[in-house]
Structures are given as structure tokens and as C-alpha cells.
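Structural overview for review
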Amino acid sequence: MRTLVQLDEAELNTAIHSQNQMGPPIIEKKGISGAEAVVLSLLAEGVECVFGYPGGAIMPVYDALYDYRDRLTHYLVRHEQGAAHAAQGYARVKRRAGVCMATSGPGATNLITGIADAMIDSTPIVCITGQVGKHLLGTDAFQETDVIGISMPITKWNYQVTRAEEIPEAIAKAFYIAQSGRPGPVLIDITKNAQTEIFDFQYRKCLKIRSYFPKRKVDMNAIQRAAELLNNAQRPFMLIGQGVVLSGAQAEVQEVAEKAGIPVASTLLGLSAMSVHHPQYVGYLGMHGNYGPNVLTNQCDVLFAVGMRFDDRVTGRLDCYAKQAKVIHIDIDPAEIDKNVKTEVAIIADAKEALQALLPLLEVKRYPEWMARFREYNAIEYEKVISKDFAPNTPLPKMAEVVHLLSQKTKGKAIIATDVGQHQMMATRYYEFDEPYSNVTSGGLGTMGFCLPASIGAKIGRPDREVIAIIGDGGFQMTMQELGVIMQYHIPVKIIVMNNNYLGMVRQWQQLFFDRRYSNVDIQNPDFVKIAEAFGIPARRVEKREQLSQALDELLNSHSAYFLEVMVEKEDNVFPMVPAGTCIADIRLE
Amino acid sequence: MQPLEGNQQRYTISIFTEDKVGLLSRITAIFTRRKINIDSLTVSETENRGISRFTVVIRTTPDRIGVIVRQIEKQVEVLKAFYYTDDQVVYQELALYKLPTEVFASSKAVEKILRDNHARVITIEPEFIVIEKTGHEEETTKLFNELKPYGVLSFVRSGRIAIAKPMKLLKVHLQELENISVF
Ligand SMILES: Cc1ncc(C[n+]2csc(CCOP(=O)(O)OP(=O)(O)O)c2C)c(N)n1
Ligand SMILES: [Mg+2]
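Just so we're clear, the structure is a prediction, and the values are computed from it rather than from any experiment.

1. Section: the site of ligand 1
Residues and elements named next belong to chain A. Residues in close proximity to ligand 1 total 18 residues, the closest being Q422, G446, D473, G475 and G504. Backbone polar atom of Y502 to an oxygen atom of ligand 1: 2.9 Å apart, as the coordinates give it. Contact distances for ligand 1 include 2.7 Å between an oxygen atom and a backbone N or O atom of G504. Within the complex, 76% of the 580 Å² of free accessible area of ligand 1 lies under protein. Of all the secondary-structure elements, those providing two or more residues to the shell around ligand 1 are α17 (422-430), α19 (473-479) and α21 (504-513).

2. Regarding the domain arrangement of chain B
Residues and elements named next belong to chain B. Each assigned domain of chain B is listed here: domain 1 (9-88) and domain 2 (90-161). For domain 1 and domain 2, the distance between their C-alpha centres works out to 30 Å. If you look at the interface, domain 1 gives seven residues, while domain 2 gives four residues. Summed over both sides, the interface between domain 1 and domain 2 buries roughly 490 Å², with carbon and sulfur atoms accounting for 48% of that surface. At the junction of domain 1 and domain 2, the tally comes to one salt bridge. The closest approach of N and O atoms between D86 and R160, which form a salt bridge, is 2.9 Å. One can count four residue pairs in polar contact (both at pLDDT 80 or more) joining domain 1 with domain 2. Mapped by element, the contributors of at least two residues to the side of domain 1 that touches domain 2 are β1 (9-18), β2 (38-45) and β3 (51-60).

3. Some words on the side chain of Q508 of chain A
All names here are of chain A. Locating Q508 in the fold gives a position in helix α21. At 2.8 Å, the side chain of Q508 forms a polar contact with the backbone nitrogen of V574. Once residues within four sequence positions are removed from consideration, Q508 is found in contact with H288, Q422, N573, V574 and M577.

4. Observations concerning the domain arrangement of chain A
Residues and elements named next belong to chain A. For chain A, the domain assignment lists domain 1 (17-209), domain 2 (220-374) and domain 3 (391-580). Opposite the eight residues of domain 1 that make contact, domain 2 presents 10 residues. Carbon and sulfur atoms supply 50% of the area that domain 1 and domain 2 bury against each other, a total of about 720 Å² over both sides. The largest contributions to the domain 1 side of the interface with domain 2 come from R95, D121 and R182, which together make up 59% of the buried area.

5. Looking at the side chain of Q88 of chain A
Residue and element names in this part refer to chain A. Along the polypeptide, Q88 turns up in helix α4 (residues 80-94). For Q88, the side chain forms a polar contact with the side chain of H85, separated by 2.8 Å. The contact partners of Q88, leaving out residues within four places of it in the chain, are G114, D117, A118, T123, I125 and F450.

6. Some thoughts on the interface of chain A and chain B
With 41 residues of chain A at the interface, the matching set in chain B holds 42 residues. Summed over both partners, the interface of chain A with chain B buries about 4,200 Å², with 58% contributed by carbon and sulfur atoms. At the junction of chain A with chain B, the criterion picks out three salt bridges. R210 of chain A is the partner of E18 of chain B in a salt bridge, and the nearest nitrogen-oxygen pair spans 2.6 Å. Taken together, the connections running from chain A to chain B amount to 15 residue pairs in polar contact (both at pLDDT 80 or more).

7. What to know about the coordination of the magnesium ion (ligand 2)
All names here are of chain A. Those protein atoms acting as donors to the magnesium ion (ligand 2) are D473 (OD), N500 (OD1) and Y502 (O), and they sit at 2.0 to 2.1 Å. Here the donor residues of the magnesium ion (ligand 2) share one chain and are spaced in sequence as D-x26-N-x1-Y. Of this pair, D473 sits in helix α19 while Y502 is found in the loop between β19 (494-499) and α21, placing the two residues 29 residues apart along the sequence. In this pair, the class of D473 matches that of Y502, namely buried.

8. A short note on the pairing of strand β20 (residues 539-542) of chain A
Residues and elements named next belong to chain A. As paired strands, β20 and strand β21 (residues 562-567) are joined by four bridges and run parallel to one another. By the bridge assignment for β21, A539 is matched with F563. The parallel pair β20 and β21, bridged by helix α23 (residues 545-557), forms a crossover whose chirality is right-handed.

9. A few points about the packing of aromatic side chains
One pass over the structure, following the stated rule, counts 23 aromatic pairs over all chains. For the pair Y291 of chain A and Y377 of chain A, a centre-to-centre distance of 5.1 Å together with 75° between the ring planes defines the contact as edge-to-face. Of this pair, Y291 of chain A sits in helix α12 (residues 291-297) while Y377 of chain A sits in helix α15 (residues 368-390), and the two are 86 residues apart along the sequence. Of the residues examined, Y291 of chain A reaches a relative accessible area of 15% and is grouped as buried. Taking relative accessible area as the criterion, Y377 of chain A reaches 17% and is therefore assigned buried. The interplanar angle of 75° and the centroid separation of 5.5 Å between the aromatic rings of F476 of chain A and F528 of chain A together place this pair among those described as edge-to-face. Taken together, the residues F476 of chain A in helix α19 and F528 of chain A in helix α22 (residues 528-534) connect sequence positions 52 residues apart. By relative accessible area, F528 of chain A is classed as buried at 0%. Here K80 of chain B stacks its cationic end above the ring of F82 of chain B, 5.4 Å away from the centre of that ring. The ring centre of Y91 of chain B lies 3.6 Å from the NZ or CZ of R160 of chain B, which sits over that ring.

10. Looking at the nonpolar core
Across soluble globular proteins, you tend to see nonpolar side chains buried next to one another. All names here are of chain A. Among the nonpolar cores identified, the biggest contains 102 residues, and F237, M238, L303, F304, I347 and L406 are the most heavily contacted of them. Residue contributions to this core peak at seven residues, all from α15. Two domains each put at least three residues into this core: domain 2 (220-374) and domain 3 (391-580). Once you skip the residues sitting within four places of it in the chain, I347 turns out to touch A222, I223, A226, I328, H329, I330, D331 and A354. Grouped together as the second largest cluster of nonpolar side chains are 55 residues, A118, V440, A532 and F563 included.

11. Quick look at the sheet that holds β21 of chain A
Residues and elements named next belong to chain A. Reading across from one edge, β17-β16-β18-β19-β21-β20 is the order of the six strands in this open sheet, with parallel pairing throughout. Where the open sheet ends on each side, the last strands, each with one partner, are β17 (439-440) and β20. In the sheet, strand β16 (residues 415-418) pairs with β17 via two bridges, with the strands oriented parallel. When the sheet's bridge partners are listed, A417 is paired in β17 with V440. Contacts from α17 reach β16, β17, β18 (467-472) and β19, with the element oriented near 140° to β18.

12. Observations concerning the sheet that holds strand β4 (residues 78-85) of chain B
Residue and element names in this part refer to chain B. Overall, antiparallel pairing links the four strands, which are arranged β2-β3-β1-β4 in an open sheet. The open sheet terminates on both sides in strands that have one partner only, identified here as β2 and β4. Recorded for the sheet is a direction-independent mean angle of 15° between the axes of neighbouring strands. With seven bridges connecting them, β1 and β4 associate as antiparallel partners.

The rules behind each value
- Residues numbered from 1 in each chain as written.
- Chains lettered and ligands numbered in written order.
- Predicted model: local features only at pLDDT ≥ 70, side-chain atom pairs only at ≥ 80, totals over all residues.
- Heavy atoms only, no water.
- Near = heavy atom within 4 Å.
- Polar contact = N/O pair within 3.5 Å; in protein donor to acceptor, adjacent residues only side chain to side chain.
- Areas by Shrake-Rupley, 256 points an atom, 1.4 Å probe, with all protein chains shown as cover.
- Helix = DSSP H or I, 4+ residues; strand = E, 2+ residues; numbered from the N terminus.
- Domains from an automatic or database assignment.
- Contact = heavy atoms within 4.5 Å.
- Buried area = accessible area lost by both parts, 1.4 Å probe.
- Salt bridge = Lys/Arg side-chain N within 4 Å of Asp/Glu carboxyl O.
- Donors = N, O, S within 2.8 Å, 3.2 Å for Na, K, Ca; no water.
- Buried < 20%, exposed > 50% of the residue type's maximum accessible area, 1.4 Å probe, protein only.
- Pairing = 2+ DSSP bridges.
- Right-handed = clockwise from strand over helix to strand, strands pointing away.
- Phe/Tyr/Trp six-rings, centres within 6.5 Å; stacked < 30°, edge-to-face > 60°.
- Lys NZ or Arg CZ within 6 Å of the ring centre and 35° of its normal.
- Core = buried A, V, L, I, M, F, W, Y, C linked by side-chain atoms within 4.5 Å.
- Axes fitted to C-alpha atoms, helices over the stretch in contact; angles between N-to-C directions.

Written out as C-alpha cells, the structure reads:
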């Protein structure tokens, strides 16, 4: 029988210690406003920049920001959705929580898409929203929205502060929760009175919350069983996801793959965790991933999943997914275990720590025939799909060519931010990632409009790296106002809009599954080059294949931001494709 | 009681949480998001200050219940959640019935029904009486059906509260979690 519970008052009182364990005070200042406390708390957490937009209910915090503008840079976005996505882009490449800020009501609701995106893609962001004064809560006051209620299902944690004294601890908890365990978005809603009240500020970092168990020690029994399965496997196969990126386990993945001879494939969000040139790397999983890794998932005998969550875009129909395989699943989040795919061995742990523990137990193995299978499939994919994508006989260039050329010119070393659609799939298929933390995309939510603001956040987070935004003509129009941020703060992001004059991915589905009935995918575009130029960004349009190489050079050589519109083949399709709701083995090459 | 479909089971979920505003929504959202109807829900403070207990009764399949409970435990302010089938818990519900006082005056039948059902009268007013019965849902429903002919003015039933049979303490569970965790 399952173990059950009985409460005993005396014992519980001694067992359950205080709710939050806080560190020693690291900043103190007497008699300051809640608003100043917000800013000091952010500084105490090492925050260098904030993406936001002011308004009535957050004005005291903006007033405090004015005093600290030399220490905390605020980037004024053009729409709060952009603030959330910029914080996400920053977090992905900087490996720490991004911060965004908005006023109550519409300011806060505009953040929602970005928060939902961060939730499903496990991205640590801390959102701070202003709220009407405490005495006005629940009165339908001007710009009052129940932001706590609205954001509840899409935040890892949220909290409404109604007194200034609560601010330091709430923010300390926010950073701790956002960045520990499986990361995610956190929202702190601060009523206006709490921003103006005066109190004695003291900041302590949050070390522990008694109801929250973010990470487990590696269970050596489970590691032992995993090692046994892998050591006795005939056709082992490792799948890596964003957990590898979040835990920084790239080196460990490589060591395990090299020692145990296991082929490795990546999910969309795991891309760049392993160089595509590594001999053990066999490709990209999922709906538009590579042929071999998809088909051979159903032929391996041990499926070793590391920091990935068996999303339906990876598994296709579950009742025909890897049924023959014994599954080992490493994930930091216990709720992911057995959620979609039943596991033989579950290792609930940080990916890096688990792989470190596993490595010494693995035997040196080689699977030449098994590895050859991947190459065979990839050769078929090359012949049927890739070669045609790279050297088409179409008058206009294809997206794949653009990405391929860009990849060669940057040697796979750039950070590639992508939006959502065909260009996203083409960019992630064909960019030959050779550097970790280089892939910034909206995976779980598939949020059009993500790319431009996320690329801004990424460039601010990693000014030392080339950041290239690859966006569709449709998605660009969802957040193109953020060009204003690039203009105002001189952020040298390189932008490529792949213009097929269609909502291409939807058009592809209409072609394949709706009898070519092109319903509302034919989008009339403005003159993008003029728009970019209006924002003071050097811009160019490429309409011929011959101009492409030189235009990319110009983009890459530019010291400032640069905007390149590439007119691409209109009715191009992304293949291979596992049609939604079918078996991965039924992946189509055309 | 709502009928079980397919391979559904009835589960009582006990959730121990911090006593925080908004947790109720967080927890109910886990069910509503999966279109699971909550058959009964009770929230109460435990004898331990600051810790609340949610008792939730739902119907779902054995392969889904674990997934759902892990989603509940994942919430930052949830200490621990447990799920039980009916044979693993001692549970009760409380029902109150309001009847016109004259039904007692006019016949001995109601009195007999109360005695047979182990129900008791908790209040007598000039116009109405209030009867209380604790028991399982079938028992409180049975009493309701028997009283119906005499004119039940009002009938209200609480959610299920439950005590688990096995003896392992929450504190021990938490200690175990603590031991396998790093912070
Ligand atoms: C906010 C949002 N709305 C709608 C969709 C559905 N959708 C997915 S891809 C796509 C088309 C994208 O068109 P475009 O940006 O031009 O990219 P392309 O596929 O042509 O490369 C649409 C509408 C979405 N993912 N996100
Ligand atoms: Mg398009």
C-alpha cells in the first residue's frame, strides 16, 4: 500500500521549521521607500539591466530608477510583450534571470504572452508589475487587473506585495525560485502604497523555502541501473534537451557519448548543446528534425533522455513512440517522469550532476553498425531533401540556402535567435551550431513575435557575441516596433527577415492537409527596408541569389545593427515532416 | 455519487500547503486545466499553525493520478500531496437537513427515520428543526431520500474529510525529501 500520513501536533511543530531560510544581510539602508527598496533588491541580486515600460501604478519605482541610472540600465521597450521576451533572450544566453517591469492593468497583461512562453520553455525571468493601492484592490479601480489571478497558471510562483516591508523578501524569493530547480517565470505585483511607504531596508538572499525542493541529490541506485542498461545495450540512443543547456552539462554529454559510444540527437531547445560536427552527434529530433534520429528512435533498445520532456512535437503519436525501448530519463522535475513516456529508470536530478555520476560506471563501447544506420538515413535525407534545399532551381533563393551560407560565414559561432514558422525550422535545421548557448527560440509556446525582442535581450546579455535574428515576414510584424529599442540604445543586432510573402508554415499545412485552400495566409507586407531605415538602421533587400553572399557579408561586417530582407521562394516547404498526431516512423520526406 | 467511467477510480487527495492566498486557485487549476471535475473540496487549517490541508475528491484513471499529484507537489508552496483510494482512508461527510417542525408533531415516522439512520436533531425552532448526520455520501443521501416525503426545506452536505490509515507522519515524509534534496 502507498504510504499515508498522519499528523501529530507536537511532532509537526518541531519538524517543520520556519518557512523561509534567508542569508545574512547584504545591503541595509534605513528610512527608504518601497520603490527604492525594489531597485536596491535588484542590485543585490546582481541585476544589471531591466526591460520595461512605465505607467501610473509603477511610477514610484521608475522615480527610484532615476537615482540609480548609473548602476541599473533600464531599456524602454515599445510594448511590454517585448520586455518579457527581451528578458527571456537575456536569460537564455546569460544564464541568469532576466528582469522585466510593467505598470498595472494593460502593462501587466501585455507581459502575459512572454510569461507563458517562459513558463513552457523553463526560462528564468522575474517580472515586476505595479498595482493600484491596497485600499483600491477589488474596486475596479483605474487600471486594476487581477494580475495575480491571470498569471497564476503561467508562473512558477507569483506574489502580491501590499506593504513595503515585504519587498526585500518577496524579491529574494522571486530570484531564488526563478533560478533554482527547473527555472521559470516569477511575478511580483506591488501595490502603489507599498512603493511609497518608508521603512528600514535590509536585504537577505533566500537560501531555502521549506515547501520547495528544487533539486535532488543524485540517486546512485538509479545511476547504477542506468549504467547497467547502457552497458548492456545493443543500440543505445541519447536524446538531449534544454535541461542540458540549463544545467551546463554540455561537456558531460560529450564525455558520456564519447566513452559509451552513444549517438546523440537534440530537441529544438537542446540545439547547440553539442556541436553538430561532433562525430557522436546524429541530428535534430522532432516534427521537422532529421530523418535518422526520428526513425531510429523506434529502433533503439535503450533510449536515454537527458533534460528533455518528450514534447508531442518530438514524440508524435505516443502509442507508437519508442515502444521497443527501455527508457532512462534524467530530469530535474519529478513531474516530468512518466508524464508522457513510461520510464524504466528515472533519475530525478540535475543533468550535469547525474551525468558526472554516471560517467565512471560506463564501459567503453563502440557501435559501428548502429552509428552507420544514422549515416545511411542521413544520406537519404541529404539526397531527397537537403541537396535540393541547398541548390534549388528556383528563381528566388530558398531559406535553407540563406541559413547555410550564414552558417558557413559565421562558422557556426553566432547566437541565432529565431521566430516561429518555416524560417525557424530552416534556421534550426541548417545552422551548424558549434558553440553552446547559441540557440534562442520559442519552442513550447511557438510565439510569433518572440525573436526580435529576444535577440535584443540576447545581445545585451552577450555583447561579445554576434547575435543574428532570423524572422519571418509575418512574425516580424508582430513586434517590429522593438526596432525602436535597437535605435535608441544602439544595439548591434543583425536582423534577417525571410520574406516569402506568406504565413509560410500555415500555408504549408494548408497545402498538405487542407487541399491547398490558402485561407488568410497571403500577407501584404509593408516596405520593410524603409521601416528599418526609418529607425535609423542600415537596411538592404536581396531579390536575387547572386546578391546574397555579398549582402550577408555586409550584415556581418556592420558594427551597428543591420537589417536584411531576403525575398525567398514563396511556396517552399519544410521537410522532413512528421505530420501532427502521426507516428515518428511515418516521417515524410516530401 | 458521480458514477465512475471506464477504468476510472475515485481518489482522495490530501495536500499539505503553506497557508497562502491564491493557493486554492493554483491547485484547482491543475484539475480544471485537465478538465477534471472536482467532486468535493475541503480546505482547513491543520492543527499546525500556518499549514493548510486540502482534501480533494476526484475521479480519474490510475495512470493519470500520479501525474496529477506530482503537478500539485510541484507548486512552490505545496509541502506534500498524497493520494488514496477509498479503502486507504477513513472518511466522513457531514449533512444538515432543515424540516418544518410540524412533521414531528404530526407523526412518529420522522423520529424513527432519525433513529434508524443515527442522525440527530441539533436545533429546534418554532418553525423548523435542523438534523445532522455524518457518514458517507450514500448514507447522507439515503437519509435525504427518506426525509423527502416530509418536506425537506433545505439540505446541505460538506465535502469529504479524510484521515489516512497508514501511520507514516508528514514530518517523516518531509524529512525524507529534505534528505534527498540539495538547496
Ligand atoms: C502569436 C502566434 N500566432 C499564430 C501562430 C500560428 N503560426 C505558426 S507559424 C505561422 C506563420 C508564420 O509566418 P511567418 O512569420 O511569415 O514565417 P514563415 O512560416 O513564413 O517562415 C503562424 C501564423 C503562432 N505560432 N503564434
Ligand atoms: Mg513568411
